[in-house]
Amino acid sequence: MCRQTVVEKHLWVDRYRPKRYLDLLGDDRIHRDTMSWLKEWDHCVFGRKTTKRRGKQDDPAQEGYEDPYHRPYEKILLISGPPGLGKTTLAHVLATSAGYSVYEINASDERAARVVDDRIRPALEAGSGVGSKKPVCVVIDEIDGVGGAGVDSNAFINGLIQLTLDKPRKKTAGRRNGQKDVRPLLRPIICICNDLYAPSLRSLRQHARLVRVRAPTPIMLTNRLRDVCETEGLKADNRALSALVGVTKGDIRSCLNTLQFIRARTVEVTETVVRSATVGMKDSEMSTQQVWDDIFLPLSKKRIRQLGLTDAEESKYVARLNFEVEATDEVDRVMQGCFDHYPKARLRDAPWAIFEKAHAWLDAFDLFTGTFKGGDDPIWALREYRSYFAVAFRPLFINPGNPKAEFPQADYEAYLTAKANEEIYATFAKELSTEVTKSFTKEMLPTELLPLLNRIISPPLKTVNHQVIKADERAMLNRVVQLMADTKMRFVQEKTEEGQLVYRLDPAIDVFITYDGKRSADVGASRFGLRQVISKQVS
């Protein structure tokens, strides 16, 4: 007897999205901290006096802080946490409960700097949402997605920070009629990210109040899922729901999507059904880490239960591991992790023979993947066999005493460094004359010309005093100034994280004489005073 398929018109994620404060799932302390920050805007937005927030009275940065508009010290709230935990829902529910109309922007789609001036600033200055009398609260989702290559990669973040620093200009008789008034920020901004420590958020963290959202406890999430199952007519036992919570790592969105997928096929939610419905479920970072553990470490009893393996299936690892590697959709990263981790493995005997076999598999993988030219190439069909090269590491290195594999950083850091150096080279090269670019190839210029230029612009002079400088030293200084002016180089004054003033070379061609964080010994670093004098004369 065939059961009629249930046709759903709405996603359960939307149907069971919390609408009230009491519906929120997770740590209530986090919810209260977020609401507390919104309430600190009440005096500014609604004219209601509020008591000062407790808990940060010992912060020296806030000591004696008085804002003329009665705004909180941190005018931006930055909510962080893994995907699927309800960060965006938390922002919407709390902002609505506090009396605001929410205006949302997805920063990963709207990453241009002009969005701050074209959309965010007008919404804040308007004061209330379109078609609403309630004051507006701007929610910027996925703000860690604004990073990218180029000079203006952080322009969006810098524009956002500038909103919190803007002060109204004083009216003067000499102001031009076309000059726009700058208004202070009088409405709250909530930013949401997955990775709090993304490089693009480095400056924003210093100006924002940080709230970290964690996964709800398994019992709390299991109880909520049981309520959903009862509402939707699903028969689910606690063991099956606990297995679902474990497989999804507490991801509420994945749990609801999986239950809706199961409901379309059956009304019985058992552990076997859950295992079948979540096969191949990908969470890129978590799955690659799990694959490395399954390669280098024997399966734990908990892991065996998660995979639903029998004793006979546990020993047959080739097909299982091959599927896991393919499921990550990042075979190259899995192999990079194997390459980084195998020297740390504990070997029982004949280590050099095992290393030789591992190197043979790594060499074969590089040769194999290097032959792919595209979809029209007949050898492209062999691409699906790449994952077997990672599987080969298991019989070589599996040992219960192995440390857990760490996420490979060296390869990605080298890639970022190379991209940054290419940008520095391109910025410098476009200012060179045609005669110079013809004399040096793209490969020769960073290795042959730039090290010499670094020596020239770092003369062995002490701090320059114009009254006592010798003639030969003055001539050397003039040559340096002329060279830097001709090649559009300059020294830019900046502050370090410790607050110390320094002069940085721009473009930073000194990276080409810096190796592993250490400057070349035969190129001395010019002193602060000398760079200050050169900077003034160049400008």
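Computed from a prediction, not measured in an experiment: that's the story for all the values here.

Rules behind the numbers
- Residues numbered from 1 in each chain as written.
- Predicted model: local features only at pLDDT ≥ 70, side-chain atom pairs only at ≥ 80, totals over all residues.
- Heavy atoms only, no water.
- Helix = DSSP H or I, 4+ residues; strand = E, 2+ residues; numbered from the N terminus.
- Contact = heavy atoms within 4.5 Å.
- Areas by Shrake-Rupley, 256 points an atom, 1.4 Å probe, with all protein chains shown as cover.
- Expected span 1.5 Å × (residues − 1).
- Buried < 20%, exposed > 50% of the residue type's maximum accessible area, 1.4 Å probe, protein only.
- Arc of directions from axis to C-beta.
- Phe/Tyr/Trp six-rings, centres within 6.5 Å; stacked < 30°, edge-to-face > 60°.
- Polar contact = N/O pair within 3.5 Å; in protein donor to acceptor, adjacent residues only side chain to side chain.
- Pairing = 2+ DSSP bridges.
- Axes fitted to C-alpha atoms, helices over the stretch in contact; angles between N-to-C directions.
- Parallel < 35°, antiparallel > 145°, perpendicular 65-115°, else oblique.
- Left-handed = near helix turned anticlockwise from the far one by under 90°.
- Nonpolar A, V, L, I, M, F, W, Y, C, P; charged D, E, K, R; others polar.

## As for the overall build of the chain
Part 1 of the argument: Tallying secondary structure elements over the chain gives 24 helices and 11 strands in all.
Part 2 of the argument: In the chain, 72% of the contacts between residues at least 6 apart in sequence involve partners at least 24 apart.
Part 3 of the argument: When the accessible surface of the chain is split by element, carbon and sulfur atoms take 52% of a total near 31,900 Å².

## Brief notes about helix 8 (residues 218-232)
Part 1 of the argument: Spanning 15 residues, helix 8 covers 21 Å between terminal C-alpha atoms, matching the ideal 21 Å at 1.5 Å per step.
Part 2 of the argument: Looking only at helix 8, the buried set comprises Leu221, Thr222, Leu225, Val228, Cys229 and Glu232. Projected down its long axis, helix 8 shows its buried positions confined to an angular sector of 120 degrees, all on one face. The exposed residues of helix 8 that point more than 90 degrees off its buried face are Ile219, Glu230 and Thr231.
Part 3 of the argument: Considering only its buried residues, helix 8 is in contact with helix 1 (12-15), strand 6 (235-236), helix 9 (238-247) and helix 10 (252-263).
Part 4 of the argument: Following helix 8 by one or two positions, Gly233 has its phi on the positive side, about 75 degrees.

## Regarding the packing of aromatic side chains
Part 1 of the argument: Evaluated as defined, the whole model comprises 13 aromatic pairs.
Part 2 of the argument: Arranged with centres 5.8 Å apart and planes meeting at 70 degrees, the rings of Phe365 and Phe389 form a pair that is edge-to-face. Here the residue Phe365 occupies a position in helix 17 (residues 351-369), and Phe389 occupies one in helix 18 (residues 387-391), the gap between them amounting to 24 residues. The pair formed by Phe365 and Phe389 is uniform in burial state, with each residue classed as buried.
Part 3 of the argument: Ring geometry for Phe368 versus Phe389: centroids 5.3 Å apart, planes at 40 degrees, classification tilted. One end of the pair, Phe368, is in helix 17; the other, Phe389, is in helix 18, and 21 residues separate them in sequence.

## A closer look at helix 2 (residues 28-39)
Part 1 of the argument: For helix 2, built from 12 residues, the straight-helix expectation of 16 Å at 1.5 Å per residue is met to within 8% by its first-to-last C-alpha distance of 16 Å.
Part 2 of the argument: Inspection of helix 2 places Ile30, His31, Thr34, Met35, Trp37 and Leu38 among the buried residues, and these make up the whole buried set. Within helix 2, the buried residues cover an arc of 155 degrees as seen down the axis, which keeps them to one side.
Part 3 of the argument: As for helix 2, its buried residues are in contact with helix 3 (42-45), strand 1 (76-80), helix 4 (87-97), strand 3 (136-141), strand 4 (189-193) and strand 5 (208-212).
Part 4 of the argument: N-cap assignment for helix 2: the residue whose side-chain oxygen lies 3.0 Å from the backbone N of Arg29 is Asp27.

## Things to note about the sheet that holds strand 3
Part 1 of the argument: Spatially, 5 strands are ordered 2-3-4-1-5 in an open sheet, and the strand pairing comes out parallel. Two strands close off the open sheet at either side, each with one partner strand: strand 2 (101-106) and strand 5. The average undirected angle you get between the axes of adjacent strands in this sheet is 20 degrees.
Part 2 of the argument: Of the pairings in the sheet, the one linking strand 1 to strand 4 comprises 5 bridges and is parallel in character. Note on strand 4: the bridge partner recorded for Ser80 is Cys193.
Part 3 of the argument: Strands in contact with helix 6 (residues 155-165) are strand 1, strand 3 and strand 4; relative to strand 4, the strand with the most contacts, it is inclined by about 150 degrees.

## Here's the deal with the packing of helix 2 against helix 4
Part 1 of the argument: For the pair helix 2 and helix 4, the least separation of the axes is 10 Å and the interaxial angle reads 50 degrees. In terms of axis orientation, helix 2 runs oblique to helix 4. The handedness of the crossing between helix 2 and helix 4 is right-handed. Residue-level contacts link His31, Thr34, Met35 and Leu38 of helix 2 to Leu90, Leu94, Ala95 and Ser97 of helix 4.
Part 2 of the argument: Of the residues contributing to the contact of helix 2 with helix 4, the split by class is 5 nonpolar, 3 polar and no charged.

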